[in-house]
Amino acid sequence: YLYSLNMKKVFILIFTAFLLTIAFTQTGLAQCSICAKSVQQMGTKPAEGFNSGIIYLMMIPYAAIGVIGYRWWKNNN
């Protein structure tokens, strides 16, 4: 019981830190210098869409690792 209580506190702490990091960070540019130069020639709207696409693709591995970690944690409890 004590182990599960500590894991819940750790999970809540990590989740809270994650939410605070997302809430208080500025939107960064996820493009490399070559991509940024190529996209700038197309205009502002395509550059914003390209940047959003890179950030979306970056989030997929983190979500997959989170799901695997959660299932692993759930199976151990």
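Rules and cut-offs
Residues numbered from 1 in each chain as written. Predicted model: local features only at pLDDT ≥ 70, side-chain atom pairs only at ≥ 80, totals over all residues. Heavy atoms only, no water. Helix = DSSP H or I, 4+ residues; strand = E, 2+ residues; numbered from the N terminus. Phe/Tyr/Trp six-rings, centres within 6.5 Å; stacked < 30°, edge-to-face > 60°. Buried < 20%, exposed > 50% of the residue type's maximum accessible area, 1.4 Å probe, protein only. pLDDT = per-residue confidence, 0-100. Patch = residues over 30% accessible without salt bridge, like charges linked within 9 Å, V, L, I, M, F, W, Y side chains within 5 Å. Areas by Shrake-Rupley, 256 points an atom, 1.4 Å probe, with all protein chains shown as cover. Salt bridge = Lys/Arg side-chain N within 4 Å of Asp/Glu carboxyl O. Expected span 1.5 Å × (residues − 1).

1. A closer look at the overall build of the chain
Inference 1: Helix and strand counts for the chain stand at three helices and zero strands.
Inference 2: For the chain, the N- to C-terminal ordering of α and β elements is α-α-α.

2. Some remarks on the packing of aromatic side chains
Inference 1: Evaluated as defined, the whole model comprises three aromatic pairs.
Inference 2: Plain terms: the ring middles of F11 and F15 are 6.1 Å apart, the flat faces sit at 15 degrees to each other, and that makes the pair stacked. Pair noted here: F11 and F15 are both in helix α1 (residues 2-23), with a separation of four residues, about one helical turn.
Inference 3: Measuring from centroid to centroid gives 6.4 Å for F11 and W73, while their planes differ by 10 degrees, and the two rings are stacked. Residue F11 is located in helix α1, and its partner W73 is located in helix α3 (residues 44-76); the two are separated by 62 residues in the primary sequence.
Inference 4: Relative accessible area serves as the criterion here: at 19%, W73 is assigned to the buried category.
Inference 5: Within the aromatic cluster, the residues linked to one another by ring pairs are F11, F15, Y70 and W73.

3. Focus on the confidence of the model for the chain
Inference 1: Per-residue confidence for the chain averages 77 on the pLDDT scale, and 84% of its residues sit at or above 70.
Inference 2: In the model of the chain, helix α2 (residues 33-40) stands out as the element of lowest mean pLDDT, 74, in contrast to α3, which has the highest, 83.

4. Some points on a nonpolar patch on the surface
Inference 1: A surface patch of nonpolar side chains, amounting to about 620 Å² of accessible area, comprises F11, I12, F15, F18, L19 and I22.
Inference 2: As for its placement among the helices and strands, F18 is situated in helix α1.

5. Notes on α3
Since the α-helix packs 3.6 residues into each turn, any two residues three or four apart lie on the same face.
Inference 1: Taking 1.5 Å per residue, 33 residues should reach 48 Å; α3 reaches 49 Å between its end C-alpha atoms and fits that length.
Inference 2: For α3, the full list of buried residues reads A47, N51 and W73.

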